[in-house]
Amino acid sequence: MSKYQMIAPALPNIPWQEKPKGHINSPLWRYTENPVIGRNPLPGVARIFNSAVMPYEGRFVGVFRGEELTGVPHIYLGWSRDALHWDFEPERIPFTDEEGKPFMPIYAYDPRLVKVEDTYYIIWCQDFYGAAIGVAKTQDFKRFVRVENPFLPFNRNAVLFPRKINGNFVMLSRPSDSGHTPFGDIFVSESPDMEFWGRHRHVMSRGNSFWEGLKIGGGAAPIETSEGWLLFYHGVTQTCSGYVYSIGGAILDIDHPSIVKYRCQNFLLTPQEWFEERGFVPNVTFPCATLHDSDTGRIAVYYGAADSYVGLAFGCLDEIIDYIKANSKTTSDDTDIGRR
């Protein structure tokens with residue numbers, strides 16, 4: 001019997017591989033056939049990475065950062081029967097305004113995909129006179145309607161919680177600047193209607209651990225569990241050869257997610273395989289989505305690798321939470337309500 005419960009629908013067709021014999025130092029292990037998406041995945045697109053997937057009507061749907069041959073990123077739709085082999089639609093997702101008129105972002109990257117009640121929300125980074133958050137909604141993956149940008153520039157790495165908390169939509173984000181941000185903490189904000197956002201609270205500061213000492217940012221949509229919200233996020237350090245992006249884990253309070261209950265001082269995944277260490281931007285593991293099965297506690301983590309590929313890692317809920325708790329190190333910035 002599981003030690004912890006996952007409050008989410010069952011997903012019996014989740015992709016899965018058992019933990020390799022002798023695996024150590026992390027509750028996550030990599031899919032042996034990685035990367036699941038390689039270079040030149042469709043005409044006009046050189047690389048797909050930093051993308052999000054979820055189940056939909058017996059199969060899987062994804063929103064993918066497609067780096068076009070011009071070097072400009074846009075979002076593409078993809079479909080899969082097994083969440084491993086993907087077919088991509090040839091054109092960019094056709095975003096519209098509320099009146100149905102075309103309303104395409106100048107560029108769009110690092111999308112997340114989250115279902116809240118009966119609506120699917122795509123959240124991405126775009127230009128809004130500076131780097132900012134874009135949002136669109138769909139109920140059928142045919143019509144994609146943009147809603148108001150939630151925040152002023154500069155902001156990145158936004159992700160919705162998969163249900164309302166205390167009656168409000170809740171979103172994590174990482175305020176930034178106009179460049180390659182040399183700082184970055186995670187904040188949480190609330191909205192009654194996905195249009196007006198407030199009650200901003202600080203969640204986590206960049207860590208004291210070397211691997212996340214430069215900046216951090218939200219990753220996959222938090223997973224609701226009996227222990228709190230399980231959050232996979234990215235942490236960045238700067239080395240003599242450049243930035244290194246690793247995957248970390250934390251558990252947030254279920255009713256007040258600005259409070260961090262546990263925060264793992266160790267990374268859960270860091271670049272070590274060829275497709276993570278070599279690519280357009282080397283040494284990157286960047287989480288954007290999970291698939292998870294409440295019946296078995298299995299979790300599949302989708303992550304961008306070296307800004308060139310999509311990788312997949314697996315873990316079990318009990319082992320992940322136990323590892324985070326056993327290696328937790330929090331500060332007062334983490335554990336207070338985040339209001340000053």
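Residues numbered from 1 in each chain as written. Predicted model: local features only at pLDDT ≥ 70, side-chain atom pairs only at ≥ 80, totals over all residues. Heavy atoms only, no water.

K.L.:
I keep staring at the pattern of salt bridges and nothing clicks. Help me out?
P.N.:
Once the charged atoms of two side chains with opposite charge are near each other, the side chains can pair. Considering all chains together, one arrives at 16 salt bridges under this definition. For D110, the salt bridge is made with R65, and the minimal N-O distance between the two is 2.8 Å. A residue pair is termed long-range when its members are at least 10 positions apart, and D110 in strand β7 (residues 108-116) and R65 in strand β3 (residues 59-68) qualify at 45 residues. Judged by its relative accessible area of 10%, D110 falls in the buried class. Under the relative-accessibility criterion, R65 is labelled buried at 10%. The closest approach of N and O atoms between R263 and D334, which form a salt bridge, is 3.0 Å. Here R263, found in strand β19 (residues 260-263), pairs with D334, found in helix α3 (residues 332-335); they are 71 residues apart in sequence, far enough to count as distant. D334 sits in the buried class, given a relative accessible area of 1%. Residues joined in a network through salt bridges with shared partners are R47, R65, E67 and D110. (Salt bridge = Lys/Arg side-chain N within 4 Å of Asp/Glu carboxyl O. Helix = DSSP H or I, 4+ residues; strand = E, 2+ residues; numbered from the N terminus. Buried < 20%, exposed > 50% of the residue type's maximum accessible area, 1.4 Å probe, protein only.)

K.L.:
I tried to follow the sheet that holds strand β13 (residues 186-191) on my own but got confused; where do I start?
P.N.:
Within a beta sheet, neighbouring strands are joined by backbone hydrogen bonds and run either parallel or antiparallel to one another. What the 4 strands build is an open sheet, ordered β11-β12-β13-β14; its pairing is antiparallel. Each edge of the open sheet carries a strand with a single partner, namely β11 (155-160) and β14 (198-204). Neighbour to neighbour, the strand axes of the sheet diverge by 25° on average, direction disregarded. Two strands pair when backbone bridges link them, and β11 and strand β12 (residues 169-175) are joined in this way by 4 bridges, in the antiparallel orientation. The partner of N155 across the bridge, within β12, is P175. (Pairing = 2+ DSSP bridges. Axes fitted to C-alpha atoms, helices over the stretch in contact; angles between N-to-C directions.)

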